[in-house]
Amino acid sequence: MNSQNTPVHIRLWHHDFWRMATANLLLTMSVYMLLPILPLWLVDSVSLNSEQIGMVMGAFGLGLYLFGSMTSYLVQRYRRNQVCIWAIMGMLACIAFLYYIHQYHQECSFSMMLVQRVAFGAFFGLAQMVLASTLIIDTSESFQRTEANHSASWFARFAMSLGPLSALVIYPLYGVSAVLLASGGCAFLATILILMVHFPFRAPDDNVSPFSCDRFFLTQGFILFVNLLMITLAIGMVMALALSLQFYSMMMVGFLMAIMAQRFVFREAELKSEVVTGLVLIGTALLLMITRSQAIVGFIAPLFIGLGLGIIGSRFLLFFIKLSRHCQRGTSQSTYTLGWESGIALGIGIGYALCNRDHQLVLECALGLIIASLLLYQYTHQWFLKHKNR
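Given the structure is predicted, the values throughout are model-derived calculations rather than measurements.

Colleague: Honestly, the packing of aromatic side chains in this entry has me stumped. Any pointers?
Modeller: Each aromatic ring pair is summarised here by two numbers: the centre-to-centre distance and the angle between the ring planes. As enumerated under the stated definition, the model contains 19 aromatic pairs in all. Between phenylalanine 320 and tyrosine 336 the ring centres are 6.2 Å apart and the planes differ by 70°, which places this aromatic pair in the edge-to-face class. Of this pair, phenylalanine 320 sits in helix H12 (residues 297-323) while tyrosine 336 is found in helix H13 (residues 329-355), placing the two residues 16 residues apart along the sequence. Neither residue differs from the other here; phenylalanine 320 and tyrosine 336 are each classed as buried. When the ring centre of tryptophan 154 is taken as origin, the NZ or CZ atom of arginine 157, which lies over that ring, is 4.5 Å away. Above the ring of tryptophan 340, the side-chain terminus of arginine 157 is found at 5.5 Å from the ring centroid.

Have a look at this one:
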């Protein structure tokens, strides 16, 4: 990119890139389809209270870090695509466990569900890190990799709305079993797409450490990571309350508007303006949800959330890339993924733990996080300008 203010546009890359980007969409959809349905099933079939449901949903976010430090070792010792495929197979096994429990009315305890969610998060985290930090990059030319990362991240971002939207359409018609099958089907299709792309074997580096931060966590981006985590934590708390088709439909419209805004509104804007605008939009949406009860709020608030989150997500991704040094692009992608996904998961966990007590409290806590994120970003932005490497 010639200018840090220049928006990134989707171009027609080689078909291998589009296969990987679509695999990213399907893999993320597989996870997000379970978010609105799993808590309902936990109440009906496992009889968990709201605090236990919150812990189960939040456990996914902790699992994301389980295999992270081993990612570099695994992709160098084994074929990169096979590591991703085996991780997806682990996700499918976790989904199959839920399907078996539900279909055959087997007993399931709180501790079993905690283990299942941690394992599900661990396998998804490994698959996503390999996919985003290695496979997608490998299917793009060196001069197109920033644009490829940007476009592929949008596929995953749309899955945040498409996944729950699909589940909320399927669930009333066909029940929990069909949602689980659809979730597993998305993961399976992602596997097929990855198998369709040839990745040549690369000889591993000498003395590869089994544990490292390479392809896992960009330590010099810690402040940026915390800022992103706070934002997605707030969004996750709101998603714990959002169980309607209308919410996720309007959120998707907001994502589409964010793409257009980056292309036309922020093309020549000051670098700082995108994140600030996004946070103001999300804060406005939360204020409307707290203080207003008109039907129009149900349309405006999720649209503002999608618009704000889309703008913020794209800019933070580019910030992580610019903070990375030579050969650290994959690490920056993994760090961004961890901040995004773990924040959403932990936010959903906190939201479910609190929502039975007071929905207003959840929204107020989310608003407080957004305000704190806006204040922190005033420092983060200046810090980024001093420490960026690209």
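Colleague: Sorry if this is basic, but what is going on with H12 here?
Modeller: Structurally, the α-helix is built with 3.6 residues per turn, so residues lying three or four positions apart point the same way. With 27 residues, H12 extends 38 Å from end C-alpha to end C-alpha; this agrees with the ideal 39 Å at 1.5 Å per step. The buried fraction of H12 amounts to 23 of the 27 residues, a majority that puts the element mostly inside the structure.

Colleague: Which parts of the structure should I look at to understand the confidence of the model for the chain?
Modeller: Put simply, the chain has an average pLDDT of 90, and 95% of its residues get 70 or more. This model gives residues 1-13 a pLDDT under 50, and the stretch forms 34 contacts once residues within four places in sequence are excluded.

Colleague: I would appreciate a short explanation of the pattern of salt bridges in the present structure.
Modeller: A side chain of one charge can pair with a side chain of the opposite charge if their charged atoms are brought near each other. This structure, assessed with the given rule, holds three salt bridges. For arginine 19, the salt bridge is made with aspartate 16, and the minimal N-O distance between the two is 3.3 Å. Placement of the pair is arginine 19 and aspartate 16 together in helix H1 (residues 15-32), with a separation of three residues, close to one helical turn. Among the salt bridges present, the one from arginine 80 reaches aspartate 138, with a minimum N-O distance of 2.2 Å. Note that arginine 80 is positioned in helix H5 (residues 80-103) and aspartate 138 in helix H6 (residues 110-138), a separation of 58 residues in sequence.

Colleague: When you look at the packing of H12 against helix H14 (residues 359-387) in this model, what are you seeing that I'm missing?
Modeller: Geometry of a packed helix pair, given as the angle between the helix axes and the separation of the axes. It is the contact of H12 with H14, at a shortest axis distance of 10 Å, that shows an interaxial angle of 35°. Crossing of H12 against H14: the hand is left-handed. Contacts from Phe316, Phe319, Lys322 and Leu323 in H12 reach Tyr377, His381, Trp383, Phe384 and His387 in H14. Of the residues belonging to the contact of H12 with H14, the class tally is six nonpolar, two polar and one charged.

Colleague: Got a minute to help me understand the environment of leucine 288 in this structure?
Modeller: In this fold, leucine 288 is placed in helix H11 (residues 273-291). Separated by 49 residues in sequence, leucine 288 and methionine 239 place their C-alpha atoms 16 Å apart. Those residues within four positions of leucine 288 in sequence are excluded, and the remaining contacts are Val297 and Ile300.

What counts and how
- Residues numbered from 1 in each chain as written.
- Predicted model: local features only at pLDDT ≥ 70, side-chain atom pairs only at ≥ 80, totals over all residues.
- Heavy atoms only, no water.
- Phe/Tyr/Trp six-rings, centres within 6.5 Å; stacked < 30°, edge-to-face > 60°.
- Helix = DSSP H or I, 4+ residues; strand = E, 2+ residues; numbered from the N terminus.
- Buried < 20%, exposed > 50% of the residue type's maximum accessible area, 1.4 Å probe, protein only.
- Lys NZ or Arg CZ within 6 Å of the ring centre and 35° of its normal.
- Expected span 1.5 Å × (residues − 1).
- pLDDT = per-residue confidence, 0-100.
- Contact = heavy atoms within 4.5 Å.
- Salt bridge = Lys/Arg side-chain N within 4 Å of Asp/Glu carboxyl O.
- Axes fitted to C-alpha atoms, helices over the stretch in contact; angles between N-to-C directions.
- Left-handed = near helix turned anticlockwise from the far one by under 90°.
- Nonpolar A, V, L, I, M, F, W, Y, C, P; charged D, E, K, R; others polar.

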